[in-house]
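Letter by letter, the chains look like this.
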Amino acid sequence: MLRNSGGVGVGGQPWVLRRVRLTWLSFMLFFILVFFPLIAHYYLTTIDEAGGPDKRIFGPRPGGELCEAKHVQDLCRIRESVSEELLQLEAKRQELNGEIARLNLRIEACKRSIDSAKQDLLQLKNVISQTEHSYKELMAQNQPKLSLPVRLLPDKEDPGLPPPKSSRSCRLRSCFDYARCPLTSGFPVYVYDTGSYSWGDYLDPLVKQAFAASVKSNIYVTDNPSIACLYLVLVGELQESPSPQPSPAELEKQLKALPYWRSDGHNHVLVHLSRKSMTQNFLYNVSAGRAAVAQSTFLEQQYREGFDLVVSPLVHALSEPNFLEVPPQVPVKRKYLFTFQGERVESLRSSLQEAPPQSFEEEMEGDPPADYDDRIIGTLKAVQDSHLDQVLVEFTCKNPRSSLPTEWALCGEREDRLEVLKVSTFALVIAAGDGQLVASAGCGMRLFEALEVGAIPVVLGDHSRLPYHQFIRWSEAAIIVPKPRVTELHFLLRSLSDNDMLAMRRQGRFLWETYFSTSENVLNTILASIRTSIQVPAAPINEEPAHEIPHKAGKLAGTDANLADNGDLDLGPVETEPPYASPRYLRNFTYTASDIYRAWNRAPGPFHLFPHTPLDPVLPSEAKFLGSGTGFRPIGGGTGGSGKEFQAALGGNVPREQFTVVMLTYEREEVLMNSLERLNGLPYLNKVVVVWNSPKPPSDDLLWPDIGLPIVVVRTEKNSLNNRFLPWDAVETEAILSIDDDAHLRHDEIMFGFRVWREARDRIVGFPGRYHAWDVNHQSWLYNSNYSCELSMVLTGAAFFHKVRSSTSLTYFPHMFAIRDMVDEYINCEDIAMNFLVSHITRKPPIKVTSRWTFRCPGCPQALSHDDSHFHERHKCINFFVKVYGYMPLLYTQFRVDSVLFKTRLPHDKTKCFKFI
């Protein structure tokens, strides 16, 4: 108890003290919190008022002086900048609103101007249409468009011609009725059936069959005699028969009984085809009237120069020559320098002559014509005995063939003679000793056999009339030497260079193939000779009809990406020119009337000898530029100019021209469509001819691109690479760009190639180059596609050539049928065949443009050229073609055409021309 009471009494005093202290602390804290801020405020206010307005620290400050503080200066600047920008934006907004109002007014004005311009455009179109119509009328009046002339035919009534003084003096001007052969008649020829006259029963059956077969395939033969210009009568050769043959008087009587003989036989040709060296000249005693005679044997008093025709013998009557058995034209020099095998047939006068022969000098000084056969024998034997060169001369035969008097008889069989000629550089053809015999079947046979195997003929006797001598320049294929120069013959033959001999051998091979080799060629040559003499143009070559496959053109081709590569290089006119076909029928008559020798003695072009293409080209190596009717302009007379003028126009000698793309394809529709689209916008393109080589037609749902030009899809009879070179009638331009469906060429490259081709129209101008090489180890030719500084071929998968090459390629020469079969067998080598042909005709190499060696599009399906057997087949093709031609016609060249300023960016006012290197 005491503890508790004492504790309370004693312990109460500290508790009171603690309470007092707590109260005191609370009062002090209240005082500080309340009065201290008031005192401080009062004190500070008093200081600001005592220091003046400039020394105030906490009071409000006028004029935004608060912004002078460092911690708010940046915010102030931002506020001022934003204010200024807002003011500027507001000003711009008001300005734009005003501009919008002004533009709205201009839009309304433009709408009104457009309506007015549309009206003006319609008026201008009407004016242009009227102007074009007036221009066409003026052109029709002053320069009519040339086209195929209207065919004029002779009248049925034949008034006849005044009789000539003598039938021996007949010439075309006096014995030929030109009225029956107008220039535009087409040269219709009527051939008498050999069964219609009794004389035909005595004819050789082989000759009749060969003649009938040739007549069926000839384009000039007509069944209507009333419109015929010429009438052919086959009168020989007569068959060997023990029964007596009709007399010449009987033949003359039968000729006059022919239904269209018209009393004197004008415009008739009596054809006598010889198969043997001994052919009787029974027409010598027959009065032919005004009928011309075409045969191999003529006497001088019988032959009417410029009217009668010396023809070649008919060796291959029904059989075609095997061109693979023809010996090659190289090496130039063969085993024998020259050969001759023959036995002289004495004439009746020589056999009865008892006086000794005159000496060589006495014969030269004597008045009568000298017979040099004895001197020829002595001279040739002396050359053989000298052993300076290896020669073969034989003047006696074990089995001589029958021949005419004073003529040298052939020895042995034809096969034996050919074997000797195959190893002979030159073959002697000695004319008959009697100068009155100006042409004979025996000499014609020797000439034929020499040309066939590549032995250069050497004709001793300048009085001889060789076949078709009026038209063929025989000096380019044979050596014609007068008999008195026989002592200099050896020197003359040794002096010829290898190049000259090869050229003569090649020309002789051309003459043999073109005019002599088959019965069809013989008949064609006879008709061509007469037609050329009367200046009637040849009929156009039958072009290949293009059977078009219908297709849908619904997809608009876009702008080709390769156009962007051209930069500022203008490739052609700004406005796309409508399709323009090359002019036709410009030079038919000038080809006929001029340069006869040139046409007959050169490889075929559009010449007047045989049918020609309707497109008469102007090829530098095959025709002369004439100032009339050829489009020829003097150098510098084009409209190309320089700079933009050059790029926008072709200029040159043919300032207006287009080309046709011929594209071969086979079941690659996507690749084909892409290639066609790439042709969109290509300048100077006339049309695209797609040769559809597949037997299956295109897909029904296939949409062809619309490139703004015709796309002609041609159906072919069979899958053949030769179809690329057929003369399609859809091609209306001289220039053809042959291109594969997977070839990728830029427009500027195509245009550059086109310009280069226009400077060399007779050659192949293209992009991918190849060359041939000789394999020493295997002694054969190889095809090479490696990069090289030399080339001899340009592949026709991307190349320009003339349409006339399509007319002559693989169809004209007889040996080309073997090449066509080779191409079809391998489905390869058609481009090599074309290079062989053009080089053979022109004797010029192709021209490569640009440095590109390949042209395949990236990502395209694999082509035939990627096959492992591709190159092996091309090796075989080259060697086969060489065997067919008899020599290697390809020529090497290191020439390539590039543009020095190719795609160079120059100012538009500077000259930008293509230059060749």
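- The name given to the protein chain in an unreviewed UniProt entry is Exostosin-like 3, with the source organism recorded as Amphiprion percula.
- The record in UniProt for the protein chain states the following under Pathway (unreviewed entry): "Glycan metabolism; heparan sulfate biosynthesis."
- If you open the UniProt record of the protein chain and go to Sequence similarities (unreviewed entry), you find "Belongs to the glycosyltransferase 47 family."

**Describing the overall build of the protein chain**
Thinking step 1. When you go through the protein chain residue by residue, the secondary structure sums to 22 helices and 28 strands.
Thinking step 2. Going through the 917 residues of the protein chain one by one, you find that 48% of them count as buried.
Thinking step 3. Expressed as a percentage of contacts within the protein chain between residues at least 6 apart in sequence, the contacts between residues at least 24 apart total 79%.
Thinking step 4. Element-wise, carbon and sulfur atoms account for 56% of the exposed surface of the protein chain, whose accessible area totals about 46800 Å².

**Overview of the environment of Val326**
Thinking step 1. Mapped onto the fold, Val326 is located in the loop between β6 (309-310) and β7 (336-341).
Thinking step 2. Here Val326 falls in the buried class, since its relative accessible area comes to 9%.
Thinking step 3. Those residues in contact with Val326 that lie beyond four places of it in its chain are Glu452, Arg509 and Trp512.

**Quick look at the sheet that holds strand β22 (residues 765-766)**
Thinking step 1. An order of β15-β20-β18-β17-β21-β26-β22-β27-β28 is seen for the nine strands of this open sheet, with the pairing classed as mixed. Two strands in the sheet have a free side with no partner beyond their single neighbour: β15 (547-548) and β28 (896-897).
Thinking step 2. Sheet topology note: the strand β21 (residues 735-740)/strand β26 (residues 798-802) ladder contains five bridges and is antiparallel. If you follow Ser738 over to β26, its bridge partner there is Ala799.
Thinking step 3. Seen against the sheet, helix α18 (residues 747-759) touches β17 (659-665), β21, β22, β26, β27 (847-849) and β28 and runs at an angle of roughly 30 degrees to β26.

**Some thoughts on the nonpolar core**
Thinking step 1. Residues Phe187, Leu230, Leu232, Leu273, Trp474, Phe516 and Ile526 are the most contacted members of the largest nonpolar core, which totals 82 residues.
Thinking step 2. Element by element, the count of residues in this core is highest for strand β2 (residues 230-236), at six residues.
Thinking step 3. Mapping this core onto the domain boundaries places at least three of its residues in each of domain 1 (168-310) and domain 2 (336-347 + 372-516).
Thinking step 4. Judged by nonpolar contacts, the second largest core, of 45 residues, contains Val714, Val794, Met822 and Phe881.

**Some words on the state of the cysteines**
Thinking step 1. The full count for this structure, using the stated rule, is four disulfides.
Thinking step 2. Paired by a disulfide, Cys170 and Cys175 hold their sulfur atoms 1.9 Å apart. On the sign convention where negative is left-handed, the bridge of Cys170 and Cys175, at about -80 degrees about the S-S bond, is left-handed.
Thinking step 3. Relative accessible area serves as the criterion here: at 0%, Cys170 is assigned to the buried category.
Thinking step 4. Covalently, Cys181 is tied to Cys229 through a disulfide, its sulfur atoms 1.5 Å apart. The sign of the S-S torsion, about 95 degrees, decides the handedness of the disulfide formed by Cys181 and Cys229: right-handed. Taken together, the positions of Cys181 in the loop between α3 (172-175) and β1 (189-191) and Cys229 in the loop between α4 (205-216) and β2 put the pair 48 residues apart, joining distant regions of the chain.
Thinking step 5. By relative accessible area, Cys229 is classed as buried at 0%.

**Details of the confidence of the model for the protein chain**
Thinking step 1. Residues of the protein chain with pLDDT of at least 70 account for 76%, and the chain-wide mean is 80.
Thinking step 2. A low-confidence stretch, residues 559-565 stays under pLDDT 50, and its non-local contacts, those more than four residues away or across chains, total 13 contacts.
Thinking step 3. Across residues 902-906 the pLDDT falls below 50, and counting only partners more than four positions away or on other chains, this stretch makes 16 contacts in the model.

**Brief notes about the packing of helix α12 (residues 498-516) against helix α13 (residues 519-533)**
Thinking step 1. As a packed pair, α12 and α13 sit with axes 6 Å apart at the nearest point and diverge in direction by 85 degrees. Here α12 is positioned roughly perpendicular relative to α13, judged by the angle of their axes. Of α13, the residues touching α12 (which contributes Glu513, Thr514, Tyr515 and Phe516) are Asn521, Val522 and Thr525.
Thinking step 2. In terms of residue class, the contact of α12 with α13 is made up of three nonpolar, three polar and one charged.

**Quick look at the pairing of strand β18 (residues 685-692)**
Within a regular strand, the side chains alternate between the two sheet faces.
Thinking step 1. Taken across its eight residues, β18 has eight buried, putting it largely inside the fold.
Thinking step 2. In this region the chain leaves β17, passes through helix α17 (residues 669-677) and returns to the parallel neighbour β18; the handedness of that crossover is right-handed.
Thinking step 3. Judged from the five bridges that link them, β18 and strand β20 (residues 711-715) form a sheet pairing that is parallel. Considered in β20, the bridge of Trp692 is made with Arg715.

**Let's talk about helix α20 (residues 816-826)**
Thinking step 1. Buried within α20 are the following residues: Met816, Ile819, Met822, Val823 and Tyr826. Buried residues of α20, viewed axially, fall in a sector of 110 degrees; they line one side. Away from its buried face, by an angle of more than 90 degrees, α20 presents the exposed residues Asp821 and Glu825.
Thinking step 2. Contact partners of the buried residues in α20: α21 (830-842) and α22 (870-885).
Thinking step 3. Following α20 by one or two positions, Ile827 adopts a phi angle in the positive range, close to 50 degrees.

**Observations regarding the pairing of strand β4 (residues 292-295)**
Thinking step 1. Here β4 shows no split at all, with Ala292 and Ala294 on one side and Val293 and Gln295 on the other all buried.
Thinking step 2. Across three bridges, the pairing between strand β3 (residues 268-272) and β4 is parallel. Residue pairing across strands places Leu270 opposite Val293, the latter belonging to β4.
Thinking step 3. Where β4 lies against β6, two bridges are found, and the strand directions are parallel. Residue pairing across strands places Ala294 opposite Leu309, the latter belonging to β6.

**Let's talk about the pattern of salt bridges**
Side chains that carry opposite charge are capable of pairing whenever their charged atoms lie near each other.
Thinking step 1. The final tally for this structure, using the stated rule, is 36 salt bridges.
Thinking step 2. In this structure, Asp740 and Arg724 form a salt bridge, with 2.8 Å as the shortest nitrogen-oxygen distance. Taken together, the residues span a long stretch of sequence, with Asp740 in strand β21 and Arg724 in the loop between β20 and β21 at a distance of 16 residues.
Thinking step 3. Several salt bridges share partner residues, and in doing so they unite Arg414, Arg417, Glu449 and Glu452 into one network.

Definitions and cut-offs
Residues numbered from 1 in each chain as written. Predicted model: local features only at pLDDT ≥ 70, side-chain atom pairs only at ≥ 80, totals over all residues. Heavy atoms only, no water. UniProt positions renumbered as here; feature names shortened; annotations may be inferred. Helix = DSSP H or I, 4+ residues; strand = E, 2+ residues; numbered from the N terminus. Buried < 20%, exposed > 50% of the residue type's maximum accessible area, 1.4 Å probe, protein only. Contact = heavy atoms within 4.5 Å. Areas by Shrake-Rupley, 256 points an atom, 1.4 Å probe, with all protein chains shown as cover. Pairing = 2+ DSSP bridges. Axes fitted to C-alpha atoms, helices over the stretch in contact; angles between N-to-C directions. Core = buried A, V, L, I, M, F, W, Y, C linked by side-chain atoms within 4.5 Å. Domains from an automatic or database assignment. Disulfide = S-S within 2.5 Å. pLDDT = per-residue confidence, 0-100. Parallel < 35°, antiparallel > 145°, perpendicular 65-115°, else oblique. Nonpolar A, V, L, I, M, F, W, Y, C, P; charged D, E, K, R; others polar. Right-handed = clockwise from strand over helix to strand, strands pointing away. Arc of directions from axis to C-beta. Salt bridge = Lys/Arg side-chain N within 4 Å of Asp/Glu carboxyl O.

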